[in-house]
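Observations on the three-dimensional arrangement
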Amino acid sequence: MKTTLVIVFFLLFFSGINSTNAQPVKENGQLEVESTFLVNENGEPIILRGISYGWHNWWPRFYNKESVKWLANDFKCTVVRAALGVGPRNSYIDKTEWSEEKIEAVIKGVIENDIYVIIDWHSHELHLNEAISFFTKMAEKYGEYPHVIYEIFNEPVDDSWEKVKDYSIKVIKAIREKDPDNIILVGSPHWDQDIHIVADDPIEGFSNLMYTVHFYAGTHGLSLRERSDYALNKGIPIFVSECAGMEANGNGEIDFESWKIWIDWMETNKISWVCWSIADKNETCSMLNRSASDIGNWKNSDLKESGIKTRELLRKYNK
Ligand code: MG
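As the structure is a prediction and not an experimental result, all values here were calculated from the model.

The rules behind these values
- Residues numbered from 1 in each chain as written.
- Predicted model: local features only at pLDDT ≥ 70, side-chain atom pairs only at ≥ 80, totals over all residues.
- Heavy atoms only, no water.
- Phe/Tyr/Trp six-rings, centres within 6.5 Å; stacked < 30°, edge-to-face > 60°.
- Helix = DSSP H or I, 4+ residues; strand = E, 2+ residues; numbered from the N terminus.
- Buried < 20%, exposed > 50% of the residue type's maximum accessible area, 1.4 Å probe, protein only.
- Salt bridge = Lys/Arg side-chain N within 4 Å of Asp/Glu carboxyl O.
- Polar contact = N/O pair within 3.5 Å; in protein donor to acceptor, adjacent residues only side chain to side chain.
- Contact = heavy atoms within 4.5 Å.

Let us look at the packing of aromatic side chains. Applying the stated criterion across every chain, the model contains 17 aromatic pairs. Judged by centre distance (6.2 Å) and plane angle (85°), the rings of Phe75 and Trp298 are edge-to-face. Residue Phe75 is found in the loop between α3 (65-73) and β4 (79-85), and its partner Trp298 is found in the loop between β10 (273-278) and α11 (305-317); the two are separated by 223 residues along the sequence. Classification of Phe75 by relative accessible area gives buried; the value is 1%.

So this is what it looks like as structure tokens:
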């Protein structure tokens, strides 16, 4: 009896240590794109799964190393997305230095905790010169780290693919001057919905590019998956850098059934997924309540329904 208890204790103890010490970057190293897949340094397809922070200009309090550690260890994120707000007042264009500090706090936390990070240009409009200046700086500073993924245009709204493509090529060139290899995510027009248009006219001449599709399961379903399947069949690599279970406005009920279909579809196609978002606004998609501390250590009572469900999903799939 005593021996059994000792064994059980050791099993629990070591499985506990193991689960807090997942080291996705040490295990997978420098990522690449191979046909439609994100692959690790051994050429094996991998799926990154994690969470996006909300706009840094509205939720700067969560942009710190400690919250990254909590998302890595407790939520089991293998990737987090730092959403650099561009456009609203007091975001990147007005408060450049402060904004960079916020994003870099997350990048530093990611490097310490051995997970991946998406540096996300969280804009709905084109800001070419500012994007070139920002990504040049980031690529120069962090391009040697395998942890880093660049997302150069979160959700184009009104701009055509011709315009978004032209912008993307210019920003990609600027990044590639400093960093020859890390993954770059390119936005699709119309809130990352028009992947079929991208698929007919993709960017040529660069390696390690992927294109983003965003879904909100309460609004988006089969027709967006059909567009995405069309793109995959044409060899277009997809990364779901933002998704969630409720309606596209971030509110309404969570549609668990539709969300499950999306997750099964992404898992089947080995598509990485990142859920929206770490914020404490009174809306369904904000995962936290006002009671949540800036630095993690969140109890169940600090999490809203979307936070509880996202945590459950990440802990299930990122085992
Ligand atoms: Mg590099």
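Having put the structure on the table, let's press on.
Applying the stated criterion to the full structure yields 20 salt bridges. When the shortest N-O distance is used, the salt bridge between Glu267 and Arg49 registers 2.8 Å. On the criterion of sequence distance, the pair formed by Glu267 in helix α10 (residues 256-268) and Arg49 in strand β3 (residues 49-53) is long-range, its members being 218 residues apart. Residue Glu267 shares its accessibility class with Arg49, and that shared class is buried. Of the charged contacts in the structure, one is a salt bridge between Asp74 and Arg311, with a shortest N-O distance of 2.7 Å.

As for its position among the elements, Asn318 is in the segment after α11. The exposure class assigned to Asn318 is buried, which follows from its relative accessible area of 12%. Within the local environment of Asn318, its side chain forms a polar contact with the backbone oxygen of Lys76, the two atoms lying 2.7 Å apart. Aside from chain neighbours lying at most four places away, what touches Asn318 is Arg49, Lys76, Cys77 and Thr78.

That bond from Trp276 to Ser277 is cis: its omega, 0°, falls within 30 degrees of zero. Among the secondary structure elements, Ser277 is positioned in strand β10. Backbone geometry at His190 places phi at a positive 60°, although glycine is not the residue there. Summarising the element assignment, His190 is placed in helix α7 (residues 189-192). At Asn208, a residue that is not glycine, the phi angle is positive and equals roughly 60°.

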